[in-house]
Amino acid sequence: MKYLIVFFDRSTLKNIVPTLAIAPDVIKYFYDPDVFSYYDIYSTFEACRKYIPGLRFEVGALDEHDYAQVYETVETMINHTHPDEVCIDLTGGSELAVIAGYEAGMHCGCDVYYTDIWKNHLFWLNKRKNIESVLPFDMEDLVTAFGGKLLGYSDDDFLWKYQKSLFTMSDYLIHRLNRWLRTSQYLQKYNSRLRQENRLHFKAPFEHSKNDTQLLPDMTLLEEFQKQGLIRYLSVNEKHVEFAYANVKMMDYMSSYGVWLELYTYYHLLRMDAVRDVHTSLKVDWNAHDHIEIIGNEIDVTCMYKSRPVIISCKQSTGPITADTLNELYVVSRRIGGKYAIPILVTCSDMKTKHLALYLKAKEMGIHLLDISDVRSGSFQECLRRIITAK
């Protein structure tokens, strides 16, 4: 029977990673009851036991700022069990608790570990050597450990089936944003009735844009949509345009101006070997214990790099981003991964030259920003890779 002592921490990753790396039979969580609740601990346990069948947990309350109490509590537990059956991880907890735990563990002769989340390996302090550790958990596990619930995300099977068409179309529209904006607004106007009537057949009159210089919809865009298989049977006469959507999901995508930057980013991540667990449109309820499903956040694109979560917000508008956008991305990424999260803002705005103050603010907050110059650079995937895999 292997026991693992863990000092419960505010960082979700510091609580999960050591457990999955060491894979004990029983976790002994020592926690400060003034800071954490039973639900905090149980949520972490739920995320871990998914990967360790038969895992059990125990809890013990202590004051992490009382060196003597921590030392004596850890020493007592080790001696009442057996040093060969107990190990300690020092990744989480207060600095004083870590020092007391280290000294108690070494004095009693049990194995003492530290998990380096940045480098994704376990360090065995007794032997002074690294143990490579590939951790299996996904974004859903981090949400669960935080006490939340993943309510869903876009249909991966659908996105895989149509990846060539959707990726090609997203690239095409990213380079024609102004034309797509006007056409998407036109399609939105008429698609609401189709949804009400549960129809895929579109027929509507041509219209002039507000400045009366362009006829809507843009037929070049619609011809490309048909070429990629998103619509069928495109036909026009002097007054009307007519076609059929390939399916309901395609109608939803063509009713949205901003979804295409998300798809563009999503498909670039799918092509990267360094990441896994790639999803788009994650819907998160941050309180799973109240049994009321409420979407607290919808995250545009996510993936995992080793044991670190990548949180991406996509803003297709060509206008400047707002401070609220930066703050929301910062808060969500911190909730999920703490300081180990990799927050990225992808925008079609020219932030680096026209809105330098906000660009510098993002940098100050630890948010990586890719603007229109990166998106259209032809090396967007490499830009993402460099940010995600940076040491």
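> Describe the nonpolar core, and please don't skip the residues or the numbers.
With 62 residues, the main nonpolar core has Leu166, Phe225, Trp260 and Ile344 as its most contacted residues. By residue number, the principal contributor to this core is helix 11 (residues 259-270), which donates eight residues. Residue contacts for tryptophan 260: discarding those within four places in its chain leaves Leu166, Met169, Ser170, Leu173, Trp180, Phe225, Leu230, Tyr253, Met254 and Gln316.

> Any chance you could break down the packing of aromatic side chains for me, citing the residues and the numbers?
Per the counting criterion, the structure on display carries 30 aromatic pairs. Measuring from centroid to centroid gives 4.9 Å for phenylalanine 8 and phenylalanine 36, while their planes differ by 80 degrees, and the two rings are edge-to-face. On the criterion of sequence distance, the pair formed by phenylalanine 8 in the loop between strand 1 (3-7) and helix 1 (12-22) and phenylalanine 36 in the loop between strand 2 (26-31) and helix 2 (38-49) is long-range, its members being 28 residues apart. For the pair phenylalanine 8 and phenylalanine 36, a shared accessibility class is recorded, and that class is buried. Pairwise contacts between aromatic rings join Phe8, Tyr29, Phe36, Tyr38, Tyr39, Tyr42, Phe45 and Phe57 into one cluster. Between the NZ or CZ atom of lysine 127 and the centre of the ring of tryptophan 124, over which it lies, the distance is 5.7 Å.

> Pulling in residues and values, what's your account of the sheet that holds strand 7 (residues 129-132)?
Across the sheet, which stays open at both edges, the seven strands sit in the order 3-2-1-4-5-6-7 with mixed pairing between neighbours. Edge positions in the sheet fall to strand 3 (56-61) and strand 7, since each has one partner strand and no second. The sheet shows a mean angle of 25 degrees between the axes of neighbouring strands, taken without regard to direction. Contacts between helix 3 (residues 67-80) and the sheet are confined to strand 1, strand 2, strand 3 and strand 4 (86-89), with strand 1 contributing the most and set at about 170 degrees to the helix. Sheet contacts for helix 4 (residues 95-108): strand 1, strand 4 and strand 5 (111-116); angle to strand 5, the most-contacted strand, approximately 145 degrees.

> Lay out the sheet that holds strand 14 (residues 276-285) with the relevant residues and their values.
Taken in spatial order, the six strands of this open sheet run 8-14-15-16-17-18, and their pairing is mixed. At either margin of the open sheet sits one strand with a lone partner, and together these are strand 8 (149-152) and strand 18 (368-370). Each strand of the sheet is rotated relative to its neighbour by a mean of 40 degrees, with strand direction disregarded. Relative to strand 18, strand 17 (residues 342-347) runs parallel, the two being bridged by three bridges. When the sheet's bridge partners are listed, valine 346 is paired in strand 18 with leucine 370. Where helix 11 meets the sheet, it contacts strand 14, strand 15 (297-305), strand 16 (308-315) and strand 17, and its direction lies at approximately 140 degrees from that of strand 14. Running at roughly 160 degrees to strand 16, helix 12 (residues 323-337) makes contact with strand 15, strand 16 and strand 17 of the sheet.

Calculation rules
- Chains are numbered independently. Their residues run from 1 in the order of the written sequence.
- Reporting in this predicted model follows two pLDDT cut-offs: at least 70 for local features of residues, and 80 or more for side-chain atom pairs to be given and counted; totals over whole chains, interfaces and linings ignore these cut-offs and use all residues.
- Excluding hydrogens and water, the side-chain values take into account all heavy atoms of the structure.
- Nine residue types can take part in a nonpolar core, namely buried Ala, Val, Leu, Ile, Met, Phe, Trp, Tyr and Cys, and a core is a set of them joined through side-chain atoms within 4.5 Å.
- Buried residues are those whose accessible area, probed at 1.4 Å on protein chains only, stays under 20% of the maximum for their type, while exposed residues exceed 50% and partly exposed ones sit between those limits.
- Secondary structure elements follow DSSP: runs of H or I no shorter than four residues count as helices, runs of E no shorter than two count as strands, and numbering proceeds from the N terminus.
- Two residues qualify as a contact provided that any one of their heavy atoms is within 4.5 Å of a heavy atom in the partner residue.
- Note on ring pairs: Phe, Tyr and Trp rings are taken, using the six-membered ring of Trp, and paired if centres are within 6.5 Å. Classes follow the plane angle, with under 30 degrees stacked, over 60 edge-to-face and the rest tilted.
- Only lysine NZ and arginine CZ atoms are considered, and such an atom sits over a ring when it is within 6 Å of the ring centre and within 35 degrees of the ring normal.
- Any two strands are treated as partners once DSSP identifies two or more bridges connecting them.
- For helices, the axis comes from a line fit to the C-alpha atoms of the stretch in contact; other axes are also lines fit to C-alpha atoms, and the angle between any two N-to-C directions lies between 0 and 180 degrees.

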